[in-house]
Amino acid sequence: MKKLIISASLIISSIVVFAASEGIGFGYKDEIKVSVEKDGDKIIAIKVLEMKDTKRIAEPAIEKLTSEIIAKQSVEVDDVAGATYTSQGFKEAVADALKK
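Parameters at a glance
Residues numbered from 1 in each chain as written. Predicted model: local features only at pLDDT ≥ 70, side-chain atom pairs only at ≥ 80, totals over all residues. Heavy atoms only, no water. Helix = DSSP H or I, 4+ residues; strand = E, 2+ residues; numbered from the N terminus. Contact = heavy atoms within 4.5 Å. Areas by Shrake-Rupley, 256 points an atom, 1.4 Å probe, with all protein chains shown as cover. Salt bridge = Lys/Arg side-chain N within 4 Å of Asp/Glu carboxyl O. Buried < 20%, exposed > 50% of the residue type's maximum accessible area, 1.4 Å probe, protein only. Pairing = 2+ DSSP bridges. Lys, Arg positive; Asp, Glu negative; His and termini not counted. Polar contact = N/O pair within 3.5 Å; in protein donor to acceptor, adjacent residues only side chain to side chain. Axes fitted to C-alpha atoms, helices over the stretch in contact; angles between N-to-C directions.

Side note on the overall build of the chain
At step 1: When you go through the chain residue by residue, the secondary structure sums to 3 helices and 3 strands.
At step 2: Secondary structure elements of the chain, listed N to C terminal, follow the sequence α-β-β-β-α-α.
At step 3: Expressed as a percentage of contacts within the chain between residues at least 6 apart in sequence, the contacts between residues at least 24 apart total 43%.
At step 4: Accessible surface computed for the chain: about 6,700 Å², of which carbon and sulfur atoms make up 56%.

Structure follows, in structure tokens:
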């Protein structure tokens, strides 16, 4: 019985709760909708839920911005050249999600 209780408490304590929130920003063509996943105050993942900007330009920019935002733990990163409006809209969406 004691082993069962210890095992149960280890399982419960190892469950990690991640909080995800959604945000919206305005990109080049339309809204960019993102989901930001956090572990406490730490940003651990950013996913684009909806975007209508040109994929061949926007996707590489968003990939770069995502890694920089996670590394810096801040949306205060430089815009990607050639994708300025997408960059600004993406950062706006992430900032909106972080406020919630």
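Quick word on the pattern of salt bridges
At step 1: Under the counting rule described, the total for this entry stands at 4 salt bridges.
At step 2: As a salt-bridge pair, Lys 100 and Asp 96 come within 3.5 Å of each other at their nearest N and O atoms.
At step 3: For Lys 100, a relative accessible area of 61% gives the class exposed.
At step 4: The class for Asp 96 is partly exposed, based on a relative accessible area of 22%.

Considerations on the pairing of strand E1 (residues 19-26)
At step 1: Across 8 bridges, the pairing between E1 and strand E2 (residues 31-39) is antiparallel. Paired with Gly 23 across the bridge in E2 is Val 34.
At step 2: Between E1 and the antiparallel strand that follows it, E2, lie 4 residues.

Some details on the side chain of Asp 53
At step 1: Residue position: Asp 53 is located in the loop between strand E3 (42-50) and helix H2 (55-72).
At step 2: One buried charged side chain, Asp 53, makes no salt bridge at all; its nearest oppositely charged neighbour is Lys 29, positioned 6.8 Å away.
At step 3: There is a polar contact of 2.9 Å between the side chain of Asp 53 and the backbone nitrogen of Lys 29.

Regarding the environment of Ala 93
At step 1: Residue placement: Ala 93 occurs in helix H3 (residues 84-99).
At step 2: With relative accessibility at 0%, the residue Ala 93 sits in the buried group.
At step 3: Taking the C-alpha atoms as reference, Ala 93 lies 9.5 Å from Val 48; in sequence the two are 45 residues apart.
At step 4: Once you skip the residues sitting within four places of it in the chain, Ala 93 turns out to touch Gly 23, Ile 24, Gly 25, Ile 32 and Val 34.

Digging into the sheet that holds E2
At step 1: Strand order in the open sheet formed by 3 strands is E1-E2-E3, with antiparallel pairing between adjacent strands. Edge positions in the sheet fall to E1 and E3, since each of these pairs with one other strand and no more. This sheet shows a mean twist of 25° between the axes of neighbouring strands, independent of strand direction.
At step 2: Strands E1, E2 and E3 of the sheet are contacted by H3, whose axis makes an angle of about 140° with E1.

A look at the pairing of E3
At step 1: Where E2 and E3 come together, 7 bridges link them in antiparallel fashion. Each bridged residue has a counterpart across the sheet, and for Ser 35 the counterpart in E3 is Lys 47.
At step 2: Between E2 and E3, which follow one another and run antiparallel, lie 2 residues, and Gly 40 among them has a positive phi close to 70°.

Function cannot be read off these values alone, since they describe shape.
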